[in-house]
Amino acid sequence: MVIEDLAVQNIVRNHSLARAISDAGWRDLRTMLEYKAGWYGRDVVAVDRWYPSSKTCSSCGALVEKLPLNIREWACACGAVHDRDVNATRNVLAAGLAVIACGDGVRPPRS
Ligand SMILES: [Zn+2]
């Protein structure tokens, strides 16, 4: 499983997202993912929070300079049109699989 290690404290500073994010219990979710993955011999990889998952084209790898949060869909110069969240999900999965394959960039599991 691949998750994005987001800085929740920074996200909740965005007032339109604060309540939804605060209610979600992300730390508990991550803790449960990690111990349940451990039961089944699976890995949980947390992709670094600074990885630009939303701003990277999942088709060609190009990086857009700015992508304000209100932009939900965008077109890359390569012609790919992305839903912001679907694109970020594809990039996070690819980054996590690369981490598993290369063994690089894995953060130590939370204790
Ligand atoms: Zn592209």
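Throughout what follows, the structure given in this document is the object of discussion. (Residues numbered from 1 in each chain as written. Predicted model: local features only at pLDDT ≥ 70, side-chain atom pairs only at ≥ 80, totals over all residues. Heavy atoms only, no water.)

**Describing the overall build of the chain**
Secondary structure assignment for the chain yields four helices and four strands. Each of the 111 residues in the chain was classed as buried or not, and the buried ones make up 24%. Residue pairs at least 24 apart in sequence account for 53% of intrachain contacts in the chain once pairs closer than 6 positions are excluded. (Helix = DSSP H or I, 4+ residues; strand = E, 2+ residues; numbered from the N terminus. Buried < 20%, exposed > 50% of the residue type's maximum accessible area, 1.4 Å probe, protein only. Contact = heavy atoms within 4.5 Å.)

**Some points on the coordination of the zinc ion**
For the zinc ion, the full set of protein donor atoms is Cys57 (SG), Cys60 (SG), Cys76 (SG) and Cys78 (SG), at a range of 2.3 Å. If you look at the zinc ion, its four donor atoms make angles of 106 to 114° with each other, and the shape they trace is tetrahedral. The sequence motif formed by the donor residues of the zinc ion is C-x2-C-x15-C-x1-C. The exposure class of Cys76 is buried, given its relative accessible area of 10%. (Donors = N, O, S within 2.8 Å, 3.2 Å for Na, K, Ca; no water. Tetrahedral: all angles 85-135°; square planar, octahedral: opposite > 155°, others 65-115°.)

**Observations regarding a nonpolar patch on the surface**
Taken together, Met32, Tyr35, Trp39 and Tyr40 make up a surface patch of nonpolar side chains, about 520 Å² in accessible area. Tracing the chain through its elements places Trp39 in helix α3 (residues 26–39). (Patch = residues over 30% accessible without salt bridge, like charges linked within 9 Å, V, L, I, M, F, W, Y side chains within 5 Å. Areas by Shrake-Rupley, 256 points an atom, 1.4 Å probe, with all protein chains shown as cover. Salt bridge = Lys/Arg side-chain N within 4 Å of Asp/Glu carboxyl O.)

**Focus on the pattern of salt bridges**
Going through the model one piece at a time under the given rule, you end up with four salt bridges. A salt bridge links Glu34 to Arg30, with the nearest nitrogen and oxygen atoms 2.9 Å apart. With Glu34 and Arg30 both in helix α3, this residue pair falls four residues apart, about one helical turn. Given a relative accessible area of 11%, Arg30 falls into the buried group. Here the salt bridges do not stand alone but share partners, grouping Asp5, Arg30, Glu34 and Arg49 into one network.

**Quick look at helix α4 (residues 84–102)**
Because each turn of an α-helix spans 3.6 residues, side chains separated by three or four positions in sequence point in the same direction. Taking 1.5 Å of rise per residue, 19 residues should cover 27 Å, and α4 covers 27 Å from first to last C-alpha, within 8% of that figure. Among the residues of α4, Arg84, Asn87, Ala88, Asn91, Val92, Ala95, Gly96 and Val99 are the ones counted as buried. Angularly, the buried residues of α4 cover 165° about the axis, an arc narrow enough to put them on a single face. Turned more than 90 degrees from where α4 packs its buried face, Thr89, Arg90 and Ala101 sit exposed. Buried positions along α4 lie against β1 (2–4), β2 (45–47), β3 (73–75) and β4 (81–83). The backbone nitrogen of Asp85 has a side-chain oxygen 2.9 Å away, supplied by the residue at the start of α4, namely Asp83. (Expected span 1.5 Å × (residues − 1). Arc of directions from axis to C-beta. Polar contact = N/O pair within 3.5 Å; in protein donor to acceptor, adjacent residues only side chain to side chain.)

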